[in-house]
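Spelled out, the chains give:
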Amino acid sequence: MRYLAATLFAFFILSSAPAHALTIDEDQAAESVRKLVAGFIQPAFQRFADNAELAAVAADALCEEPGERTLGSARQAFKDSALSFARVEFLRIGPLIQDNRLERLLFWPDRRGIALRQVQSVLADADESVTDAANLPQKSVALQGFTALEYLLFGTGSDELATGAEHRCRFAAAVTKNIETVAAELSAQWQDEDGYAAIWSEPGPENAIYRNGEEVVSELLSVPSQAFEIVRDQRLKPVLPEGEGDAPNPKRALFWRSNLTMDFVAANFEALRAYFETGEIAGLLPEDGNWQARSVEFEFNNAEAVLQRLNMPIEDIVTDEERTGDLTYLVILTQSLQSLFGEQLTATLGLSVGFSSLDGD
């Protein structure tokens, strides 16, 4: 019954017509972005850079002094760094999508297992070139980021890091250094007074990307709309059975080896809620559109409740019928939230539905 009610609510959200369009105040739009940048984006990228630095330190310590303690510290530092990345990885605009930074940090989805094959091949050949972080930017992106690092720290043979495995450890240390470098670049670019933050918050005829407040707000809403599409299609649905009689496949989940799958998704949701609230997106709506902002909050509350029930390894979720139902419900919530940001709010503000870079994937 719970899931039927959720489905009906999502249908209502998808089919409800906006009250009327609104002329966007350019100063208000720019102020919304400035608050978002200063209150959420800059601190989140700085936190990612700080955690990436700590992960690099932990990896170096593991290589210098192999043992259960240093391996445990390196694994925990990986998780902290990955979860801080989860809070910014949906910001697929500006610095993150330049210079292949996103792919260098997270090569995903990887439906053909390219990263696994490449990492295993490098380990089998004891390729020394990957042990120097300076070489990694010239390598395949599948060898540079979190998916490669997860296998090195948690995959088959990773326990040997506690007793040696020198080549594997130096490879892992190089990857963490590469992640640290990219994270520092991202933080610096968002802090740059003349960088993307200024471009986004200062629309005008001389601005090559944002000519007016409508384009500023369109971007503001397209970011979470695409994010919920990514969570649904790249994080959740691949794990669920594709058809009646099919079995779930937890090994198609991001970060299943480190048991970080649902923690990563939860961090995505937490960050997206902070994005919505810090940017004061509700304040851009007309008074008779406030119900849409309340609908967004309602769905975030529903997602928070279901994610608390899903706080366990993905393998345990898909072997429990009730928890699998919760996972299916979360898919419905992502569809509802995507529609709210990408269709309902944009229509109320008189904006066209934003183009999804995921179309045709």
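Note: the structure precedes this text.
Before going into details, it helps to say that this report is about the structure given with it.

How each quantity is defined
Residues numbered from 1 in each chain as written. Predicted model: local features only at pLDDT ≥ 70, side-chain atom pairs only at ≥ 80, totals over all residues. Heavy atoms only, no water. Axes fitted to C-alpha atoms, helices over the stretch in contact; angles between N-to-C directions. Helix = DSSP H or I, 4+ residues; strand = E, 2+ residues; numbered from the N terminus. Left-handed = near helix turned anticlockwise from the far one by under 90°. Contact = heavy atoms within 4.5 Å. Nonpolar A, V, L, I, M, F, W, Y, C, P; charged D, E, K, R; others polar. Core = buried A, V, L, I, M, F, W, Y, C linked by side-chain atoms within 4.5 Å. Buried < 20%, exposed > 50% of the residue type's maximum accessible area, 1.4 Å probe, protein only. Polar contact = N/O pair within 3.5 Å; in protein donor to acceptor, adjacent residues only side chain to side chain. Salt bridge = Lys/Arg side-chain N within 4 Å of Asp/Glu carboxyl O.

Moving on, we come to the packing of helix α2 (residues 26-64) against helix α9 (residues 213-236). How two helices pack is summed up by the angle between their axes together with the distance between the axes. At a closest axis distance of 8 Å, the pairing of α2 and α9 adopts a crossing angle of 35 degrees. Between α2 and α9 lies a crossing whose hand is left-handed. Within the contact between the two elements, α2 uses Glu 26, Ala 29, Ser 32, Val 33 and Leu 36 and α9 uses Gly 213, Val 216, Val 217 and Leu 220. Residues that form the contact of α2 with α9 fall into these classes: 6 nonpolar, 2 polar and 1 charged.

So, on to the nonpolar core. In this structure, Trp 200 and Leu 330 are the most contacted members of the largest nonpolar core, which totals 110 residues. By residue number, the principal contributor to this core is α2, which donates 14 residues.

Attention now goes to the environment of Ile 199. Counting through the fold element by element, Ile 199 comes out in helix α8 (residues 196-201). The partly exposed category is assigned to Ile 199, whose relative accessible area is 31%. For the pair Ile 199 and Asn 302, spaced 103 residues apart in the sequence, the C-alpha separation amounts to 35 Å. If near-sequence neighbours (up to four positions away) are discounted, Ile 199 is found in contact with Asn 207, Ile 209 and Tyr 210.

Our next topic: the side chain of Asn 178. Turning to its location among the elements, Asn 178 is positioned in helix α7 (residues 166-191). Excluding residues that lie within four positions of it along the chain, Asn 178 makes contacts with Arg 104, Ala 133, Leu 136, Pro 137 and Gln 144.

Quick look at the side chain of Gln 144 now. The topology assignment puts Gln 144 in the loop between α5 (114-125) and α6 (146-154). At 3.0 Å, the side chain of Gln 144 forms a polar contact with the backbone oxygen of Lys 139. Every residue in contact with Gln 144, bar those within four places of it in the chain, is listed here: Arg 104, Leu 136, Pro 137, Lys 139, Val 175, Asn 178 and Ile 179.

Let us look at the pattern of salt bridges. The final tally for this structure, using the stated rule, is 22 salt bridges. We note a salt bridge from Arg 69 to Glu 65, for which the minimum N-O separation is 3.9 Å. With its nearest N and O atoms 4.0 Å apart, the salt bridge here joins Lys 139 to Asp 127. With Lys 139 in the loop between α5 and α6 and Asp 127 in the loop between α5 and α6, the pair connects residues that are 12 residues apart, well separated along the chain.

Before going further, it helps to examine unusual backbone geometry. A cis amide bond links Trp 108 to the next residue, Pro 109, at an omega of 5 degrees. Tracing the backbone through its elements, the reader meets Pro 109 in the loop between α4 (101-105) and α5. Even without being glycine, Asn 259 reaches a positive phi, approximately 55 degrees. Assignment of secondary structure puts Asn 259 in the loop between α9 and α10 (261-278). Of note, the phi angle at Glu 280 is positive, near 50 degrees, even though the residue is not glycine. Structurally, the position occupied by Glu 280 is in the loop between α10 and α11 (290-309).

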